[in-house]
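Structural overview
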Amino acid sequence: MEGKTHMTSSCVPFPRDFVWGAATSAYQIEGGWNEDGKDPSVWDHFCHTPGHIHNGETGDIACDHYHRVSEDVALMKELGITSYRFSINWPRILPDGNGPINHTGLDFYSRLIDHLLEADIEPCVTLHHWELPLALHRRGGWLNPETAKAFSRLAEVVGKAFRGRVRRYLTLNEPQCITALGYGNGVHAPGNRTDPLTQAAVAHQLLLGHGYAVQALRSTAGTVEVGVASTGSIVCPAEDTVENRAVACDATFRCGENWTFMHSWFLDPMVLGHYPEQRPPELDAFVQSVSPDELAQICQPLDFIAANIYSGDEIDAGGRLIPRPTGWPRTALRWSVSPKSLHYGPAFLYRRYHLPIYVSENGQSCNDRIFLDGQVHDPDRIDYLQRYLLALRDAIREGVPVMGYYHWSLMDNFEWQSGYDDRFGLIFVDYANKLRRIPKDSFYAYRQIIASNGGCLNDPGNLGSRR
Ligand code: BGC
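To start, this report covers the structure provided alongside it.

Criteria and cut-off values
Residues numbered from 1 in each chain as written. Predicted model: local features only at pLDDT ≥ 70, side-chain atom pairs only at ≥ 80, totals over all residues. Heavy atoms only, no water. Core = buried A, V, L, I, M, F, W, Y, C linked by side-chain atoms within 4.5 Å. Buried < 20%, exposed > 50% of the residue type's maximum accessible area, 1.4 Å probe, protein only. Helix = DSSP H or I, 4+ residues; strand = E, 2+ residues; numbered from the N terminus. Disulfide = S-S within 2.5 Å. Near = heavy atom within 4 Å. Polar contact = N/O pair within 3.5 Å; in protein donor to acceptor, adjacent residues only side chain to side chain. Areas by Shrake-Rupley, 256 points an atom, 1.4 Å probe, with all protein chains shown as cover. Nonpolar A, V, L, I, M, F, W, Y, C, P; charged D, E, K, R; others polar. Pairing = 2+ DSSP bridges. Axes fitted to C-alpha atoms, helices over the stretch in contact; angles between N-to-C directions. Contact = heavy atoms within 4.5 Å. 1 Å grid on protein atoms, 1.4 Å probe; cavity = no way out; pocket = protein on both sides within 12 Å on 5 of 7 lines; lining within 4 Å. Points joined across faces, edges and corners; volume = space filled by probe spheres on them. Phe/Tyr/Trp six-rings, centres within 6.5 Å; stacked < 30°, edge-to-face > 60°. Lys NZ or Arg CZ within 6 Å of the ring centre and 35° of its normal.

Describing the nonpolar core
In this structure, Trp43, Tyr84, Trp142, Tyr169, Tyr405 and Tyr446 are the most contacted members of the largest nonpolar core, which totals 150 residues. Counting residues per element, this core draws most heavily on helix 9 (residues 196-220), at 11 residues.

As structure tokens, then:
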């Protein structure tokens, strides 16, 4: 690939300046749900309403990261990550969503950023990972155009406060999930169940919010890279042939009934300036009613696309879905282990959007526990990590400009409607014992991978064994 400067030789598997990161989100780890002037978000309200979350659990305390920033950053340093992706809890900074600034809330993030910079870890800030201020929800949430404008204000406040200290931003995390789960089947906050046209209106406001936020960051945050964290179905070719790849790529982006969960419903307007042409007919009139002016607001130049990729399907060149055979490896959440998705996902996203790619989330849930030796052994996660990173390396080797990888997650945390049972962390959080942090074997494996810039992926036997 022309202009590609980040691959040096075949014995250096990852580019020299490849970003090795780990990710979290505010509600999932912070706790401090009503402290220091923070008002509730839709997630606080949703979890406090019985019947929504497994075991009635909440993020009120979560991992108590709000009070343990220096301990947690010290662990990140020990891990060796070069970047940390975290998110801003919107009502911690703007309790009313769009009113006065809560400076104590802003200071919390400012301290976190300072700790990270001191530890030589680049902050990567997600502006919105689902904690919509309840006040905005009560005024109509993502169905009210005020919310998109308020989001732009959040971007402006954050961009200005962290100017010169934060250089990488993501606007929204997975607008697909907000649309499909928050306003579609109601499994996520705010728990609304609406029809497809209403969901299209929600998606549209999210897109406008993204566009406004990009503009706000460009004008307040100084020199920054801006992108968005998208998710969606990834369809991989069963055979690596030109024909099969073409069919799989087309299936990855064709919007059918599952349009809310597709990358293209969101990334096409953001990057290409129009909604996907292959779409459900019931949305035609809606799409045609969108003005060119709004599309221009949405389609702002981006520096990269970030993708959260956990799993994928496979089809053959004839377009037939290949069923997973009995006994196929699955995670604790029953997601199929599909390393190829980290090869073809980035490859197809690059093919369609021609922007550099970050993997902003990837990881596996396990029912981890503390063994009798006092340590947390998680060979499944190590195997997952290794297989997926080898697949990502295949994408890089064929010229896809993948700039970095953020493991999900740094630490075990509140897994939304599933509560705390499913653990995604490299660090075990002992919920029963004062939230003590215990690095798992995978923490040490990832540390080795980072220290060797991926070189030790060629030596699978030893991963995680060296503490
Ligand atoms: C979300 C995370 C979540 C993870 C695992 C992603 O969809 O961004 O917040 O914990 O997947 O379910």
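So that's the structure; there's more coming.
Some points on the state of the cysteines
Scanning the model with the defined rule gives 0 disulfides in all. Cysteine 249 provides the cysteine sulfur closest to cysteine 236, a residue in no disulfide bond, and the two sulfurs are 11 Å apart. Judged by its relative accessible area of 1%, cysteine 236 is buried. Free of any disulfide, cysteine 255 has its nearest neighbouring cysteine sulfur in cysteine 249, separated by 13 Å.

A closer look at the site of the ligand
Close to the ligand lie 13 residues; Gln28, Glu174, Glu361, Glu415 and Trp416 are nearest. Here an oxygen atom of the ligand and a side-chain polar atom of histidine 129 are 2.9 Å apart. Asparagine 173 is positioned such that a nitrogen or oxygen atom in its side chain is 3.0 Å from an oxygen atom of the ligand. In isolation the ligand has 310 Å² of accessible area, and contact with the protein removes 93% of it. Grouping the constituent residues of the shell around the ligand by class yields 6 nonpolar, 4 polar and 3 charged.

Some words on the sheet that holds strand 9 (residues 357-361)
Pairing is parallel around the closed barrel formed by 8 strands, whose spatial order is 1-2-3-4-5-7-9-10. The sheet shows a mean angle of 25 degrees between the axes of neighbouring strands, direction not considered. Pairing of strand 1 (residues 19-23) with strand 2 (residues 83-87), which is carried by 3 bridges, proceeds in the parallel orientation. In the sheet register, alanine 23 faces strand 2, and the bridge partner there is arginine 85. Along the sheet, helix 7 (residues 145-161) makes contact with strand 3 (122-128) and strand 4 (168-173), crossing strand 3 at roughly 160 degrees.

Focus: the layout of surface pockets
Quantified by volume, the largest pocket comes out at close to 720 Å³. What lines the largest pocket is a set of 32 residues, among which Cys177, Thr231, Phe261, Tyr310 and Trp335 lie closest to the centre. At 3 residues, the largest contribution of residues to the lining of the largest pocket is made by helix 8 (residues 175-182). Residues belonging to the lining of the largest pocket are distributed by class as follows: 13 nonpolar, 13 polar and 6 charged.

Regarding the packing of aromatic side chains
This model, assessed by the stated rule, comprises 34 aromatic pairs. Ring geometry for tryptophan 90 and tryptophan 142: centres 6.4 Å apart, planes at 65 degrees, overall edge-to-face. Here tryptophan 90 is found in helix 4 (residues 90-93), whereas its partner tryptophan 142 is found in the loop between helix 6 (134-138) and helix 7, with 52 residues between them in sequence. A relative accessible area of 0% places tryptophan 90 in the buried class. When the ring of tyrosine 310 is compared with that of tryptophan 335, the centres are 5.2 Å apart and the planes differ by 75 degrees; the resulting orientation is edge-to-face. Taken as a pair, tyrosine 310 in the loop between strand 7 (305-308) and strand 8 (313-315) and tryptophan 335 in the loop between strand 8 and helix 14 (341-353) lie far apart in primary sequence, 25 residues in all. Among the residues examined, tryptophan 335 registers a relative accessible area of 33% and is labelled partly exposed. Linked through ring pairs, Tyr27, Trp43, Phe46, Trp130, Phe414, Trp416, Tyr420 and Tyr431 together constitute an aromatic cluster. Its end group placed over the ring of phenylalanine 371, arginine 369 keeps NZ or CZ at 5.2 Å from the ring centre.

Notes on unusual backbone geometry
With an omega of 5 degrees, the peptide bond running from alanine 189 to proline 190 counts as cis. Turning to its location among the elements, proline 190 is positioned in the loop between helix 8 and helix 9. Despite not being glycine, asparagine 55 has its phi angle at roughly 65 degrees, a positive value. Position of asparagine 55 relative to the elements: it lies in the loop between helix 2 (42-48) and helix 3 (69-79). With a phi angle near 60 degrees, leucine 435 is a residue other than glycine that sits in the positive phi range. Among the secondary structure elements, leucine 435 is positioned in the loop between strand 11 (427-430) and strand 12 (436-439).

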